[in-house]
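# Structure assessment
The lines below spell out each chain.
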Amino acid sequence: QKTEIAGLLAGLDERATLLAYAKYADDARSESLLIAKIKHWVLDRAIAEAWECSALQSVVINIASLVVFEVVRPNVCQHCDGNRYVRFKPCEVCDATGVRRLSGRTIAAALGVPDSTYRLHWRGRYGDAYRFVLSLDDEVKIRVSINNK
């Protein structure tokens, strides 16, 4: 499958290319490499913004792993079966995205921090990393749609 999509991905940033292979070609090696790249992206932010945390390295690794997991292997909404609509109306459970995001409690547990600490210090940082990885997926979708015209 990788060779089939290689031409479609020409010119993409390395992280976006890794995301494409991980998500759309189910390539475990690309997923591992993407996690490493996202870990560096998060660490760069942590340094630039002087994040304080006694377990910073493990939290950063967990953020990188979890955001990649959430984007590469999305949790399909059980209410609408990922179709975004229920009886011709936008699904209220997933806000018509077709995807059920992980809860704050689940994320806090995966990061290894208490809920209150997650809400106070990590929710915004996790959200930034999640949106960054989503933007990589958007780049892939745009590139593929341009090359399919």
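Analysis parameters
Here the residue index of a chain counts from 1 through its sequence in written order. Predicted model: local features are reported for residues with pLDDT of at least 70 only, side-chain atom pairs are reported and counted for 80 or more only, and whole-chain, interface and lining totals are derived from all residues. Neither water nor hydrogens contribute to the side-chain values; these are computed over all heavy atoms in the structure. Angular values range over 0 to 180 degrees, each being the angle between N-to-C directions of two axes fitted as lines to C-alpha atoms, with helices fitted over their stretch in contact. We count a stretch as a helix when DSSP gives it H or I for four or more residues in a row; a strand needs E for two or more, and each element gets its number in order from the N terminus. Crossing handedness is defined as follows: a turn of the near helix away from the far one that is anticlockwise and smaller than a right angle gives a left-handed crossing, while the clockwise case is right-handed. In what follows, residue pairs with any heavy atoms lying within 4.5 Å of each other are defined as contacts. Polar here means any residue outside two lists: the nonpolar Ala, Val, Leu, Ile, Met, Phe, Trp, Tyr, Cys and Pro, and the charged Asp, Glu, Lys and Arg; Gly therefore counts as polar. Each residue gets one of three labels from its accessible area relative to the maximum for its type: buried under 20%, exposed over 50%, partly exposed in between, using a 1.4 Å probe on protein chains only. A carboxyl oxygen of Asp or Glu within 4 Å of a side-chain nitrogen of Lys or Arg is what we treat as a salt bridge. One fewer than the residue count of a helix, multiplied by 1.5 Å, yields its expected span. Throughout, the arc means the angular range of directions from the helix axis out to the C-beta atoms. Pairing of aromatic rings covers Phe, Tyr and Trp, the last through its six-membered ring, and needs centres within 6.5 Å; plane angles under 30 degrees mean stacked, over 60 mean edge-to-face, and all others mean tilted. Comment: the charge-over-ring label is applied if NZ (Lys) or CZ (Arg) is within 6 Å of the ring centre and within 35 degrees of the ring normal.

### Thoughts on the packing of helix 2 (residues 14-24) against helix 3 (residues 28-48)
Two elements in contact, helix 2 and helix 3, have axes separated by 8 Å at closest approach and are oriented at 145 degrees. Crossing hand, helix 2 versus helix 3: left-handed. Across the interface between the two elements, Glu-14, Arg-15, Leu-18, Leu-19, Tyr-21 and Ala-22 of helix 2 pack against Ser-30, Glu-31, Leu-33, Leu-34, Lys-37 and Trp-41 of helix 3. For the contact of helix 2 with helix 3, a count of residues per class yields 7 nonpolar, 1 polar and 4 charged.

### Notes on the environment of Val-42
Note that Val-42 resides in helix 3. Classification of Val-42 as buried rests on a relative accessible area of 1%. Between the C-alpha atom of Val-42 and that of Asp-137, which follows or precedes it by 95 residues, the distance is 17 Å. Setting aside residues up to four positions removed in sequence, Val-42 forms contacts with Trp-51, Val-60, Ile-63 and Ala-129.

### Overview of the pattern of salt bridges
Tallying each qualifying case throughout the model produces 11 salt bridges. Note that Glu-70 and Arg-101 form a salt bridge whose closest N and O atoms lie 2.9 Å from each other. One end of the pair, Glu-70, is in helix 4 (residues 56-72); the other, Arg-101, is in the loop between strand 2 (89-90) and helix 5 (104-111), with 31 residues separating them in the sequence.

### As for helix 3
Owing to its 3.6 residues per turn, the α-helix brings residues three or four apart onto one side. With 21 residues, helix 3 extends 30 Å between its outermost C-alpha atoms, agreeing within 8% with the 30 Å of an ideal straight helix rising 1.5 Å per residue. Buried within helix 3 we find Ser-30, Glu-31, Leu-34, Ile-38, Trp-41, Val-42 and Ala-46. Projected down its long axis, helix 3 carries its buried residues within an arc of 150 degrees, all on one side. For helix 3, the exposed residues set more than 90 degrees away from the buried face come down to Arg-29, Asp-44 and Ile-47. Two residues or fewer after helix 3 comes Ala-50, characterised by a positive phi angle close to 55 degrees.

### A few points about unusual backbone geometry
Glycine aside, residues mostly have negative phi, and peptide bonds are mostly found in the trans state. The phi angle at Asp-81 is positive, at roughly 55 degrees, despite the residue not being glycine. Tracing the chain through its elements places Asp-81 in the loop between helix 4 and strand 1 (85-86). One non-glycine residue, Ala-96, lies in positive phi territory at about 60 degrees. Relative to the elements of secondary structure, Ala-96 occurs in the loop between strand 2 and helix 5.

### What to know about helix 2
Every buried residue belonging to helix 2 is among Ala-16, Thr-17, Leu-18, Leu-19, Ala-20, Tyr-21 and Ala-22, and all of these are buried. Within two residues after helix 2, Asp-26 carries a phi angle of roughly 50 degrees, on the positive side.

### Some details on the packing of aromatic side chains
Under the criterion given, the structure shown has 2 aromatic pairs. For the pair Trp-41 and Phe-132, a centre-to-centre distance of 4.3 Å together with 10 degrees between the ring planes defines the contact as stacked. Highlighted residues: Trp-41 in helix 3 and Phe-132 in helix 6 (residues 115-147), separated in sequence by 91 residues. In terms of burial, Trp-41 and Phe-132 fall into one category: buried. Between Trp-51 and Trp-122, the ring centres sit 5.5 Å apart and the planes meet at 90 degrees, which makes this aromatic pair edge-to-face. Highlighted residues: Trp-51 in the loop between helix 3 and helix 4 and Trp-122 in helix 6, separated in sequence by 71 residues. As far as the burial class goes, Trp-51 and Trp-122 line up, both buried. Lying across the ring of Tyr-130, Arg-101 places its NZ or CZ 3.5 Å from the centre.

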